[in-house]
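One-letter residues, chain by chain:
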Amino acid sequence: MWSKLAVVAQAALAAAMPLTSSNPASVLYDRGNVAVTAAPFTCSASSWPPNTIGKANQPQHPSADLASILAHVDPKRIEATIKKLVTFGTRHTLSTQTSKTRGVGAARDWIHAEFQRYADASDGRLSVQTVGYVQQPDGDRVTFPTLISDVVATLKGTDANRLYVISGHYDSRNTNILDYEGDAPGADDDASGVAISLELARVMSQTKYPIPKASIAFAAVAGEEQGLYGSQFLAQTYANSTPRVNVEGMLNNDIVGSPKGDDGVADPHIIRLFAQGLPPTTVESSATRETRLSIGGENDTPARNLARFVKEVSENDSTQMNVSVVYRLDRYLRGGDHRSFLNAGYPAVRFTEPNENYAHQHQDVRVVDGVQYGDLVEFCDFDYIARVARVNGAALWSLATSPGAPTNVRVNTTALSNDSILYWDPPLAGEENVGGYEIVWRSTAAPFWTDVIDVGLVNQATLDLSKDNVVFGIRARSADGSRGVAVLPFPVS
């Protein structure tokens with residue numbers, strides 16, 4: 001049922017305030033005794049129009065439960081996981097699946113057993129499946145029929161048909177993409193990402209924590225190096241289910257094992273987060289894309305608003321990290337499993353370490369001119385990986401305990417007006433968990449939401465702020481203030 005609220009602001013002019021956190025890592029590192037501070041969420045070029053309504057958008061700090069979850073992330077367990085995965089020699093997708101000690105099959109079975117250990121201690125909250133299919137030769141990176149297996153542990157939430165996915169890929173490779181017999185340790189790429197999925201499943205499934213509203217799938221997928229096969233199978237399985245599984249967000253962790261690059265520079269309190277702009281044309285119609293472009297909404301796709309949410313909830317004392325959002329699909333010449341979910345129409349983003357050393361990726365283990373090549377355990381920083389896990393944990397738990405995102409979000413464009421009339425419908429899970437709605441906005445030149453006004457439990461609001469000058473978003477909040485992802489309004493006339 002529609003209700004109406006006219007929000008007429010008479011507040012005094014508010015000073016422009018950056019969205020910053022009390023994160024002690026705001027001084028990120030020291031290079032030659034020069035402190036480098038975290039970039040603010042606003043800048044002088046994006047400070048107009050001045051804010052005369054609402055208040056500055058602030059980071060969301062962890063709840064008591066979330067703070068406890070993050071405190072229990074154990075770098076020693078992450079280290080043990082990565083070292084164990086390396087012991088399988090190679091985890092190349094085409095490697096043996098019959099040995100109990102070597103190859104991708106042995107790694108798969110060990111991962112399943114680890115997830116199952118956590119499930120056995122979860123009082124039925126966590127369930128584990130290994131799913132897959134046989135990939136036929138593709139004329140490129142798969143030369144014979146190969147079983148592609150994904151291991152998925154699902155923490156069941158209370159809401160019907162709401163799911164968040166976190167994933168790393170457990171397959172590995174060396175210099176020759178078709179060499180499935182030589183050692184390919186794959187410590188950073190991507191045992192580090194798998195270790196994060198395992199560790200968060202272990203902690204979040206413990207019975208001392210409440211059951212989240214949304215379900216969470218902790219995944220370890222195969223076939224990434226051969227063509228994203230495992231993630232494509234998983235994403236399409238969700239998309240083709242009846243009813244279609246409502247994956248509200250996917251977090252891909254791929255190469256998150258070290259903050260140090262090949263120049264020796266380390267950024268131990270930064271993690272990059274890649275977020276795609278325009279959705280694939282197979283996902284968003286040409287008419288919707290034209291409308292998006294006409295309103296300047298190309299920077300407010302579901303993936304980018306997911307990334308903004310991650311930054312807002314993951315930079316804090318508990319993580320001691322700063323999230324550097326990169327507005328593109330991925331690095332040049334690279335790809336990852338989040339793309340499979342994007343292609344299936346789901347919001348998805350990718351975490352990757354800030355500085356890469358390509359001598360430690362996709363390389364045979366060898367020494368040349370005194371330089372060690374190969375993706376070895378010795379190049380991983382387990383304390384850093386644990387901090388990245390906490391970033392993921394903060395985002396994942398905040399998403400799963402939120403009310404979800406409003407639907408059918410619109411802005412009235414029936415007449416010329418300096419006011420903005422916004423409408424929206426409840427989240428797909430309904431309004432039972434919604435305590436109210438917030439309208440956020442920013443200058444069109446600003447990267448993150450800078451301002452917010454709480455309009456209560458309504459489905460329409462009028463703001464004394466011109467839609468021509470800012471980008472709006474609508475987000476739901478629970479009664480305790482926990483926010484969801486903001487959604488860009490499309491015009492209705």
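Residues numbered from 1 in each chain as written. Predicted model: local features only at pLDDT ≥ 70, side-chain atom pairs only at ≥ 80, totals over all residues. Heavy atoms only, no water.

## Remarks on the overall build of the chain
For the chain, the count of helices and strands is 10 helices and 21 strands. Considering only C-alpha atoms, the chain reaches an extent of 70 × 60 × 45 Å along its principal axes. Long-range pairs, those at least 24 residues apart, make up 76% of the contacts in the chain between residues at least 6 apart in sequence. With the model as given, the accessible surface of the chain reaches about 19600 Å², and the carbon-plus-sulfur share is 51%. Computed over 42 positive and 54 negative side-chain charges, the inter-centroid distance for the chain is 2 Å. (Helix = DSSP H or I, 4+ residues; strand = E, 2+ residues; numbered from the N terminus. Contact = heavy atoms within 4.5 Å. Areas by Shrake-Rupley, 256 points an atom, 1.4 Å probe, with all protein chains shown as cover. Lys, Arg positive; Asp, Glu negative; His and termini not counted. Charge placed at Lys NZ, Arg CZ, Asp CG, Glu CD.)

## Things to note about the environment of Arg387
Along the chain, Arg387 falls in helix α10 (residues 382-400). The sequence separation of Arg387 and Ser215 amounts to 172 residues, and the corresponding C-alpha distance is 23 Å. If we skip the residues at most four places from it in the chain, Arg387 touches Pro268, His269, Thr319, Gln320 and Met321. Engagement of the side chain of Arg387 in a polar contact is seen with the backbone oxygen of Pro268, the distance being 2.7 Å. (Polar contact = N/O pair within 3.5 Å; in protein donor to acceptor, adjacent residues only side chain to side chain.)

## Structural notes on the pairing of strand β20 (residues 470-477)
Summarising burial for β20: 8 of the 8 residues are buried, a large majority. Alternating positions in β20 separate into two faces, Val470, Phe472, Ile474 and Ala476 on one and Val471, Gly473, Arg475 and Arg477 on the other, with burial throughout. Where strand β17 (residues 436-443) and β20 come together, 8 bridges link them in antiparallel fashion. Counterpart to Val440 in the pairing with β20 is Gly473. (Buried < 20%, exposed > 50% of the residue type's maximum accessible area, 1.4 Å probe, protein only. Pairing = 2+ DSSP bridges.)

## Some words on the nonpolar core
In terms of nonpolar packing, the biggest core is built from 76 residues, with Ile82, Ile111, Phe115, Met204, Phe218 and Ile271 touching the most fellow members. For this core, the element with the highest residue contribution is α10, accounting for 13 residues. Discounting residues that sit within four places of it in the chain, Ile111 has contacts with Leu85, Val151, Tyr170, Val194, Leu198 and Ala220. (Core = buried A, V, L, I, M, F, W, Y, C linked by side-chain atoms within 4.5 Å.)

## Some words on the confidence of the model for the chain
For the chain, per-residue confidence averages 91 on the pLDDT scale, and 91% of positions sit at 70 or higher. This model gives residues 1-40 a pLDDT under 50, and the stretch forms 85 contacts once residues within four places in sequence are excluded. (pLDDT = per-residue confidence, 0-100.)

## Some remarks on the packing of aromatic side chains
Two aromatic rings are characterised by how far apart their centres lie and by the angle between their planes. Here the structure, examined in full by the defined rule, presents 7 aromatic pairs. For the ring pair Trp424 and Tyr437, a centre distance of 5.5 Å and an interplane angle of 55° mean the geometry is tilted. Of the two residues, Trp424 is situated in strand β16 (residues 420-425) and Tyr437 in strand β17; the sequence distance between them amounts to 13 residues. For the pair Trp424 and Tyr437, one class covers both residues: buried. Measuring from ring centre to ring centre gives 6.4 Å for Trp441 and Phe472, while their planes differ by 65°; the resulting arrangement is edge-to-face. (Phe/Tyr/Trp six-rings, centres within 6.5 Å; stacked < 30°, edge-to-face > 60°.)

## Points about the pairing of strand β15 (residues 407-412)
Where β15 lies against β16, 3 bridges are found, and the strand directions are antiparallel. Across the sheet, residue Val411 finds its bridge partner in β16, namely Leu422. Strand direction decides the pairing type here: β15 and strand β21 (residues 490-492), joined by 3 bridges, are parallel. Residue pairing across strands places Asn412 opposite Val492, the latter belonging to β21.

## As for the sheet that holds strand β18 (residues 451-456)
In space, the 4 strands of this open sheet follow the order β4-β18-β17-β20, with antiparallel pairing throughout. A strand with exactly one partner marks an edge of an open sheet, and here the two such strands are β4 (55-56) and β20. One ladder, built from 2 bridges, connects β4 with β18; its direction is antiparallel. Paired with Lys55 across the strands is Val452, a residue of β18.

## Some details on the sheet that holds strand β7 (residues 163-169)
One open sheet accounts for 8 strands, arranged β5-β6-β8-β7-β9-β12-β10-β11; its pairing is mixed. The two strands at the open ends of the sheet, each matched to only one other strand, are β5 (126-135) and β11 (322-326). Each adjacent strand pair in this sheet contributes to an overall mean axis angle of 25°, direction not counted. Two elements, β7 and strand β9 (residues 247-253), share 5 bridges in a ladder whose sense is parallel. Each bridged residue has a counterpart across the sheet, and for Val165 the counterpart in β9 is Met250. Against the sheet, helix α3 (residues 104-120) makes contact with β5, β6 (146-155) and β8 (215-221), and its axis sits at roughly 160° relative to β5, the strand it touches most. Relative to the sheet, helix α6 (residues 229-239) contacts β5, β6, β7, β8 and β9, its axis offset from that of β6 by approximately 55°. (Axes fitted to C-alpha atoms, helices over the stretch in contact; angles between N-to-C directions.)

## Side note on the environment of Pro137
Examined against the element boundaries, Pro137 turns out to sit in the loop between β5 and β6. Look at Pro137 and you get partly exposed, because its relative accessible area is 42%. Taking the C-alpha atoms as reference points, Pro137 and Leu198, separated by 61 residues in sequence, lie 31 Å from one another. Setting aside residues up to four positions removed in sequence, Pro137 forms contacts with Val142, Thr143, Phe144 and Pro145.

## Considering the packing of helix α2 (residues 75-86) against α3
Where α2 contacts α3, the two axes come as close as 10 Å, and the packing angle between them is 155°. Taken together, the axes of α2 and α3 lie roughly antiparallel to each other. Every residue of α3 that contacts α2 at Thr81, Lys84 and Leu85 is listed here: Ala107, Trp110 and Ile111. Tallied by class, residues from the contact of α2 with α3 come to 4 nonpolar, 1 polar and 1 charged. (Parallel < 35°, antiparallel > 145°, perpendicular 65-115°, else oblique. Nonpolar A, V, L, I, M, F, W, Y, C, P; charged D, E, K, R; others polar.)

## Thoughts on the packing of helix α1 (residues 64-71) against α10
One can describe the packing of α1 onto α10 by two numbers: an axis separation of 9 Å at closest approach and a directional angle of 150°. The orientation of α1 relative to α10 falls into the category roughly antiparallel. You can see that α1 and α10 cross each other, and the crossing is right-handed. Two secondary-structure elements touch here, α1 through Asp65, Leu66, Ile69 and Leu70 and α10 through Arg390, Gly393, Ala394, Trp397 and Ser398. In terms of residue class, the contact of α1 with α10 is built from 5 nonpolar, 2 polar and 2 charged. (Left-handed = near helix turned anticlockwise from the far one by under 90°.)

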